Amino acid sequence: MLGAFAIVKSTDYGLLSGRTLGAGGASLALLAGFLVLEARLSNPIMPLRILRLRMLMGSSLVRGMLVTGMFSAFFLGSLYLERVLGYNAIQTGLAFMPLTLAIGALSMGPAAKAMARFGSLQTLLAGLVGIVAGLLLLSTQGVHASYLPGLFFAFLLLGLGAGASFLPLLTIGMSDAPERDAGLASGIVNVSVQLFGAIGLATLGTIATDHAKALSEGGHPVAAALTGGYHLAYVVAAVCVAAGIAVAIRVLRPPSGIAEDSVETLAAPTGAEEWAQAA
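For the structure given in this document, a descriptive report is provided here. (Residues numbered from 1 in each chain as written. Predicted model: local features only at pLDDT ≥ 70, side-chain atom pairs only at ≥ 80, totals over all residues. Heavy atoms only, no water.)

Bringing the overall build of the protein into the picture now. Assigned secondary structure in the protein consists of twelve helices and zero strands. In sequence order, the protein lays out its α and β elements as α-α-α-α-α-α-α-α-α-α-α-α. Going through the 279 residues of the protein one by one, you find that 48% of them count as buried. Excluding contacts between residues fewer than 6 apart, the proportion of contacts in the protein whose partners are at least 24 apart in sequence is 80%. (Helix = DSSP H or I, 4+ residues; strand = E, 2+ residues; numbered from the N terminus. Buried < 20%, exposed > 50% of the residue type's maximum accessible area, 1.4 Å probe, protein only. Contact = heavy atoms within 4.5 Å.)

Written out as structure tokens, the structure is:
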């Protein structure tokens, strides 16, 4: 959280200011101190052997990149709808309904069936591609955009992508965790959501703010400047999720049969519950 604070405040104090570098350096020092302490304890809270689990660490990284993209759509999307398009709170909530309903629908069985038929990795990759497409579509919506078709399909793609991604990520991540570390591995899954969500959103929010300020100072109207800032953040978020696709292809190769063996135990509510925790 100290690292997230450093990123957010870099807009006020400057990226290379003493405050920013001090807070960032302190966050890294705290992390290093924690790892050193855990390595020395006979009964640590987080045994460092957990960091050697390729599937768990790889899926956590991919999940973090996914969450970065999704959180940008939630937070910056709400600001765009309200500050630029003039939606009220109820209209904004209704605008996100395609996303919410798509996640709920896929969590009730279709994602599990897709895993059983196509495999965990293939289902995950399809979901991540959907999220990238949704973010890029959001980045094309202008100051006077109508809800249909652009915004509707952008939110729908994001919901379908997220709904298709969380269950295979959980299945793959837990596939190489030994039974004794199952609880810890599950905790790391949730921590990756919260940690990347906080840092990713802080970074994208800072990018959007800085770019909007630059556009405003260059003579652009407020609405156009805000929209430009949001667009840049969406593109960066899409790049993050695309990087997650590359990591998934390179790192996440679940053993054959993992989807079929695990789908019954990692049923549809698991995906919905994980997304609820993230949101």
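Here the narrative resumes.
A word on the side chain of S165. Looking at the element boundaries, S165 is found in helix α8 (residues 147–174). Discounting chain neighbours no more than four positions away, the residues touching S165 are L66, L124, G127, L128 and I131.

Right, let's talk about the packing of helix α6 (residues 110–118) against helix α7 (residues 120–138) for a bit. Interhelical geometry of α6 versus α7 gives an angle of 125 degrees and a closest axis separation of 7 Å. Taken together, α6 and α7 sit at an angle that is classed as oblique. Residues A111, A114, M115 and F118 of α6 lie in contact with α7, whose contacting residues are S120, Q122 and T123. For the contact of α6 with α7, the class distribution of residues is four nonpolar, three polar and no charged. (Axes fitted to C-alpha atoms, helices over the stretch in contact; angles between N-to-C directions. Parallel < 35°, antiparallel > 145°, perpendicular 65-115°, else oblique. Nonpolar A, V, L, I, M, F, W, Y, C, P; charged D, E, K, R; others polar.)

This paragraph deals with the packing of helix α3 (residues 54–84) against α8. Contact geometry for α3 and α8: axes closest at 10 Å, N-to-C directions at 160 degrees. Taken together, α3 and α8 sit at an angle that is classed as roughly antiparallel. Considering how the two elements wind past one another, α3 and α8 form a crossing that is left-handed. Every residue of α8 that contacts α3 at M55, L56, S59, V62, R63, L66, V67, M70, A73, Y80 and L81 is listed here: L151, F155, L158, A162, S165, F166, L169, L170, I172 and G173. Here the residues of the contact of α3 with α8 sort into 17 nonpolar, three polar and one charged. (Left-handed = near helix turned anticlockwise from the far one by under 90°.)

So, about the side chain of T171. Checked against the element boundaries, T171 lands in helix α8. Classification of T171 as buried rests on a relative accessible area of 2%. A polar atom in the side chain of T171 sits 2.9 Å from the backbone oxygen of L167. (Polar contact = N/O pair within 3.5 Å; in protein donor to acceptor, adjacent residues only side chain to side chain.)

The subject of this paragraph is a nonpolar patch on the surface. On the surface, a nonpolar cluster with roughly 320 Å² of combined accessible area is contributed by L31, F34, L35 and L51. Locating F34 in the fold gives a position in helix α2 (residues 18–40). A relative accessible area of 34% places F34 in the partly exposed class. (Patch = residues over 30% accessible without salt bridge, like charges linked within 9 Å, V, L, I, M, F, W, Y side chains within 5 Å. Areas by Shrake-Rupley, 256 points an atom, 1.4 Å probe, with all protein chains shown as cover. Salt bridge = Lys/Arg side-chain N within 4 Å of Asp/Glu carboxyl O.)

Each turn of an α-helix holds 3.6 residues, which means side chains three or four residues apart point in the same direction. In this model, helix α9 (residues 182–217) (36 residues) spans 52 Å end to end at C-alpha, consistent with the 52 Å of a helix rising 1.5 Å per residue. Looking at the residues trailing α9, positive phi occurs at G219, about 105 degrees. (Expected span 1.5 Å × (residues − 1).)

What follows concerns helix α5 (residues 97–107). Taken together, the buried positions of α5 are occupied by P98, L99, A102, I103, L106 and S107. Projected down its long axis, α5 shows its buried positions confined to an angular sector of 155 degrees, all on one face. With its phi angle positive at about 145 degrees, G109 sits one or two positions after the end of α5. (Arc of directions from axis to C-beta.)

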